[in-house]
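These are the residues of each chain, in order.
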Amino acid sequence: MNTTDKDRVLIFDTTLRDGEQSPGATMTHDEKLEIAELLDDMGVDIIEAGFPIASEGDFRAVAEIADRSKQSVICGLARAQLPDIDRCWEAVRRSERPRIHTFIGTSPLHRAIPNLSQDEMAERIHETVTHARNLCDNVQWSPMDATRTEWDYLRRVVEIAIKAGATTINIPDTVGYTAPRESADLIRRLIEDVPGADEVVFATHCHNDLGMATANALAAVEGGARQIECTINGLGERAGNTALEEVVMALRTRGDIMPWDTRVDTKKIMHISRRVATVSGFPVQFNKAIVGKNAFAHESGIHQDGMLKNAETFEIMRPEDVGLAATNLVMGKHSGRAALRDKLKNLGVDVGDNQLKDIFVRFKELADRKKEVYDEDILALVTATTTDGHKDRLQLVNLAVTCGTGGPAEATLEMEIDGTEASATCQGDGPVDATFKAVRELHPNKARLQLYQVHAVTEGTDAQATVSVRLEEDGMIATGQSADTDTVVASAKAYINALNRLIVRREKSGPGSDQKEISYKDVG
Ligand code: KIV
Ligand code: ZN
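Numbering of residues begins from 1 in every chain and follows the order in which that chain's sequence is written. Chains and ligands are labelled sequentially in the order written, the chains with letters from A and the ligands with numbers from 1. For this predicted model, a pLDDT threshold of at least 70 governs which residues receive local features, and a threshold of 80 or more governs which side-chain atom pairs are given and counted, while totals over whole chains, interfaces and linings are taken from all residues. Excluded from the side-chain calculations are hydrogens and water; all other atoms, namely the structure's heavy atoms, are used.

Looking now at the side chain of D45. You can see D45 is positioned in the loop between α2 (29-42) and β2 (46-50). Polar contacts here mean pairs of N or O atoms no more than 3.5 Å apart (in protein, one a potential hydrogen donor and the other a potential acceptor; neighbouring residues in sequence count only if both atoms are side-chain atoms). Side chain to side chain, D45 and R8 meet in a polar contact 2.8 Å long. The contact definition used throughout considers only heavy atoms, calling two residues in contact when any of these lie within 4.5 Å. Other than its neighbours up to four places away in sequence, D45 contacts R8, V9, L10, I11, S72, V73 and R263. Helix and strand definitions follow DSSP, with helices as H or I runs of at least four residues and strands as E runs of at least two, each counted in order from the N terminus.

In protein structure, a disulfide is the covalent linkage between the sulfur atoms of two cysteines. The disulfide criterion used throughout: a pair of cysteine sulfur atoms within 2.5 Å. Scanning the entire structure with this criterion turns up 0 disulfides. There is no disulfide at C75, and the cysteine sulfur nearest it, in C88, is 6.6 Å away. No disulfide involves C426; its sulfur sits 15 Å from that of C403, the nearest cysteine. Here the term buried applies to any residue with accessible area under 20% of the maximum for its type, exposed to any over 50%, and partly exposed to those in between, with areas from a 1.4 Å probe on protein chains only. Its relative accessible area of 10% is what places C426 among the buried residues.

Two strands are said to pair when DSSP picks up at least two bridges between them. Looking at chain direction, strand β10 (residues 409-417) and strand β11 (residues 420-428) are connected through 9 bridges and run antiparallel. Note that in β11 the partner of E416 across the bridge is E421. Where β10 hands over to β11, the hairpin turn is made up of 2 residues, of which D418 adopts a positive phi near 50°.

All right, on to the coordination of the zinc ion (ligand 2) then. Around the zinc ion (ligand 2), the protein contributes the donor atoms D18 (OD), H205 (NE2) and H207 (NE2), at 2.0 to 2.1 Å from the metal centre. Spacing between the donor residues of the zinc ion (ligand 2) along their common chain follows D-x186-H-x1-H. Comparing H205 with H207, the two get one shared label, buried. Any nitrogen, oxygen or sulfur atom within 2.8 Å of a metal ion counts as a donor, with the limit raised to 3.2 Å for Na, K and Ca, and since water is left out, coordination shells can look unfinished.

Further remarks concern the packing of α2 against helix α3 (residues 56-68). Direction vectors running N to C along α2 and α3 enclose 35°, while the axes themselves pass 10 Å from each other. The chirality of how α2 crosses α3 is right-handed. Contacts between α2 and α3 involve H29, K32, L33 and A36 from the first element and D58, R60, A61, E64, I65 and R68 from the second. Residue polarity is assigned by list, with Asp, Glu, Lys and Arg as charged and Ala, Val, Leu, Ile, Met, Phe, Trp, Tyr, Cys and Pro as nonpolar; anything else, Gly included, falls into the polar class. Considering only residue class, the contact of α2 with α3 consists of 4 nonpolar, 1 polar and 5 charged. Under this scheme, a helix contributes an axis fitted over its contacting stretch, all axes are lines through C-alpha atoms, and angles between N-to-C directions fall in the 0 to 180 degree range. By the definition used in this description, the sense in which the near helix is turned from the far one sets the handedness, with an anticlockwise turn below a right angle giving left-handed and a clockwise turn giving right-handed.

With that settled, consider the sheet that holds β10. As summarised here, the arrangement of the 3 strands in space is β9-β10-β11, forming an open sheet in which the pairing is antiparallel. The open sheet terminates on both sides in strands that have one partner only, identified here as β9 (394-402) and β11. Strand after strand, the sheet turns through a mean of 20° between neighbouring axes, direction not considered. Looking at chain direction, β9 and β10 are connected through 8 bridges and run antiparallel. When the sheet's bridge partners are listed, T402 is paired in β10 with E410.

Put into structure tokens, the structure is as follows:
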């Protein structure tokens, strides 16, 4: 198909801003860079990399992403305040394609926060958008809570923003309140009624509080929007944002009734989905559309029979199209390094020689203990060997645990701390509690356990467990992951991994540097 601009929908990914801002989904600096690189590589048009005035950490992440991006426009968020906009520009200007995104809450409830009259707010919008446009040619403006803003006022402020130089007008459904027909009508009416509307791109930004974010975003496109704001796995505050994978695959699969293209390489979807789930610590629900573990699994007898005769009987998309390997070829202890590299490539994972060496060692260890090593096992090994490139100061040497119905569990832990071995024995309420106590005895710390999560990677009692641990200390957050066929060993390694990351962050940035000082909801 010959695609013109009118047929294109721009994909604006805000995993690193709206997604990361959701409580508990904090990512480290290196994780943000990794996700940005994957987004850039998969063909996302615009990456909202963060909110530069929120903290030093946010600023550094946006600036570095801007420096490194190859194809995507790099956007930063700024409230309707001149210092915010200046700080945002400082961070994004290093990109070859920078964008400033400034916003203010325009609904009656949001206007009440800074206590501005309609006229005062209109004046603020004119001043801040003009300022942003004097700095940058590419300016996006959003009337936050647009779907609950009075129609006449919304129309008026959109016109002001366009006249002041905004190039994209984003219409957020901040609280997930709208419904598809209303979403389409709102965009259509704005495009018809507002002078200058045909000179700008209209965008849609939906939240999923009523489970309608994807439907609302696609309806907005029917109404004339040509930019969808979304996140990987639908990550985001409360019920999340529109999921990138859902809108992209819906447009691709139903091109017959929604004839708009995106530039996204859909084969990269599964890999980035897994990485975002891992680094954010927000697992993907099993039956989640497109990226859930069961999205392409056909277990019932009738389904399997139909699938064997003709895959289209129950499948509207091919697993390969989202980057799931067509066959889940089992690897075993006789598989060599070349086979492993090949398998990783098929799974969409590029690793350097050193990382391959590490993964191979762990793969061999695993294959000795587990008869069949599946794709999911291998991906878990990749996650477990991904470090921030720092030498770990704490390392697990040995762990022995006794537990049963008769009394408290006991863990004897040997750990290397800065090259010196030490050991401790502790009792606890179950083997994991006893193990974590032993870690704390050897490395006293006041980090608070925010999350402890265990997943079986595959079926069977010899399945690997992947464990995520999130710790918080003085406002700094670090997540550790590990995988092992022994759940307690995986837990110990994940906990130690999180502590190592916390140590690095503390050393690198000093206490509290990544702490969110300002939220995008502080609208004043
Ligand atoms: O949901 C929302 O309104 C936002 C704005 C900052 C665009 O995220
Ligand atoms: Zn939002």
